[in-house]
Amino acid sequence: MLVSAKEMLTKAKAGHYAVGQFNINNLEWTKSILLTAQELQSPVILGVSEGAGKYMTGYKTVAAMVKAMIEELNITVPVALHLDHGSYEGAKKCIEAGFSSIMFDGSHYPIEENIAKTKELVETCNQLGLSLEAEVGAIGGEEDGVIGKGECADPQECKAIADLGVTMLAAGIGNIHGKYPDNWEGLSFETLDAIQKLTGDMPLVLHGGTGIPEDMIKKAISLGVAKINVNTECQLSFAAATRKYIEEGKDLQGKGFDPRKLLAPGAEAIKATVKEKMELFGSVGKA
Ligand SMILES: [Zn+2]
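One structure accompanies this document, and this report is about it.

What counts, and where the lines are drawn
- Residues numbered from 1 in each chain as written.
- Predicted model: local features only at pLDDT ≥ 70, side-chain atom pairs only at ≥ 80, totals over all residues.
- Axes fitted to C-alpha atoms, helices over the stretch in contact; angles between N-to-C directions.
- Helix = DSSP H or I, 4+ residues; strand = E, 2+ residues; numbered from the N terminus.
- Parallel < 35°, antiparallel > 145°, perpendicular 65-115°, else oblique.
- Left-handed = near helix turned anticlockwise from the far one by under 90°.
- Contact = placed C-beta atoms within 7 Å.
- Nonpolar A, V, L, I, M, F, W, Y, C, P; charged D, E, K, R; others polar.
- Pairing = 2+ DSSP bridges.
- Buried ≥ 20, exposed ≤ 12 C-beta atoms within 10 Å, placed from the backbone.
- Expected span 1.5 Å × (residues − 1).

Contact geometry of helix H4 (residues 59-72) with helix H5 (residues 88-97) gives a least axis separation of 9 Å together with a crossing angle of 40°. In this view, H4 runs oblique relative to H5, as classed from their interaxial angle. Handedness of the crossing formed by H4 with H5: right-handed. Listed contacts from H5 to Tyr59, Lys60 and Ala63 of H4 are Lys93, Cys94 and Ala97. Looking at the contact of H4 with H5 residue by residue, the class counts come to four nonpolar, no polar and two charged.

Have a look at this one:
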């Protein structure tokens with residue numbers, strides 16, 4: 001069932017595990033993630049970036065597909081459909097399209113403007129029963145060319161945003177989107193702990209989950225992270241499985257060119273990655 005992320009994340013924070021946000025790109029992605037969540041009886045968050053939303057022809061298409069798929073596949077575990085790194089305009093469009101959860105990323109604005117815009121969206125989301133994620137301290141990565149070290153958020157600014165009544169908070173703690181470079185300095189647990197102490201029960205969100213060592217993931221969860229975003233890792237496993245299929249010449253055998261066959265190994269690879277993450281995050285059986 002499609003729900004806001006509030007209840008699943010409150011439970012996760014209290015139970016010391018994390019719910020995975022897995023970004024979707026198309027039907028295969030969505031189906032693989034939903035089936036795995038159902039099989040493992042895990043709550044799940046489907047992330048949609050603005051780029052992926054555009055790719056899938058618009059947020060209305062995405063919301064309609066996800067809602068129909070939940071029904072047709074008999075998915076009974078809690079599923080949140082979440083805008084990832086939304087702009088102010090994107091957030092409004094997704095609210096209208098029927099998303100159950102919104103991230104407004106105002107981290108590139110001066111803190112006063114981030115607070116003002118986040119505050120307005122808190123009111124709208126509260127009225128409609130949607131969960132809202134805010135971000136403080138930009139999370140680096142390939143998108144904006146930051147390499148080597150992710151930014152660390154100011155814990156006082158985190159508190160100011162958390163106090164507005166957002167559902168969950170993403171804060172930079174040295175994490176990066178995409179593949180981590182060899183010279184990465186690791187997560188700043190000092191920053192995370194300081195943020196946790198000031199934000200209390202607020203579920204914290206860890207972006208850039210691909211390639212963070214398992215022990216760091218577990219430590220982050222122990223310090224209040226209740227939502228972990230995974231995007232690149234599913235893309236890498238999908239690409240590797242598809243490459244293998246083609247390199248083995250399977251598309252040239254019989255009807256191996258049929259898209260339902262051609263995309264099957266990639267879809268299975270996404271399932272395996274999602275399963276691995278749900279086990280690591282501790283969300284299995286928590287639906
Ligand atoms: Zn992110």
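Moving on, we get to the sheet that holds strand E2 (residues 44-49). Strand order in the closed barrel formed by eight strands is E1-E2-E3-E4-E5-E7-E9-E10, with parallel pairing between adjacent strands. Taking each pair of neighbouring strands and ignoring which way they run, the sheet shows an average axis angle of 25°. Of the pairings in the sheet, the one linking strand E9 (residues 204-206) to strand E10 (residues 225-230) comprises three bridges and is parallel in character. Directly across from Val205, in E10, lies its bridge partner Lys227. Strands in contact with helix H12 (residues 264-281) are strand E1 (19-23) and E10; relative to E1, the strand with the most contacts, it is inclined by about 155°.

Unusually for a residue other than glycine, His16 sits at a positive phi of about 60°. For His16, the location among the structural elements is in the loop between helix H1 (6-15) and E1. One non-glycine residue with positive phi stands out, namely Gln41, at about 50°. Turning to its location among the elements, Gln41 is positioned in the loop between helix H2 (27-40) and E2. When the 14 C-beta atoms within 10 Å are taken as the criterion, Gln41 is described as partly exposed.

Summarising the element assignment, Glu214 is placed in helix H9 (residues 214-222). Spatially, the C-alpha atoms of Glu214 and Leu280 are 7.5 Å apart, while their sequence positions differ by 66 residues.

Moving on, we come to the pairing of E1. The element E1 is extensively covered by neighbouring structure, given that five of its five residues are classed as buried. Burial of the side chains of E1 extends over both faces: Val19, Gln21 and Asn23 are buried on one face and Gly20 and Phe22 on the other. Relative to E10, E1 runs parallel, the two sharing four bridges. Each bridged residue has a counterpart across the sheet, and for Val19 the counterpart in E10 is Lys227. The pairing of E1 with E2 spans three bridges and is parallel. Note that in E2 the partner of Gln21 across the bridge is Ile45.

With that out of the way, let us pick up helix H10 (residues 232-247). Since the α-helix turns once every 3.6 residues, residues separated by three or four places project in the same direction. Spanning 16 residues, H10 covers 22 Å between terminal C-alpha atoms, matching the ideal 22 Å at 1.5 Å per step. In the core, the buried residues of H10 are packed alongside E1, E10 and H12.

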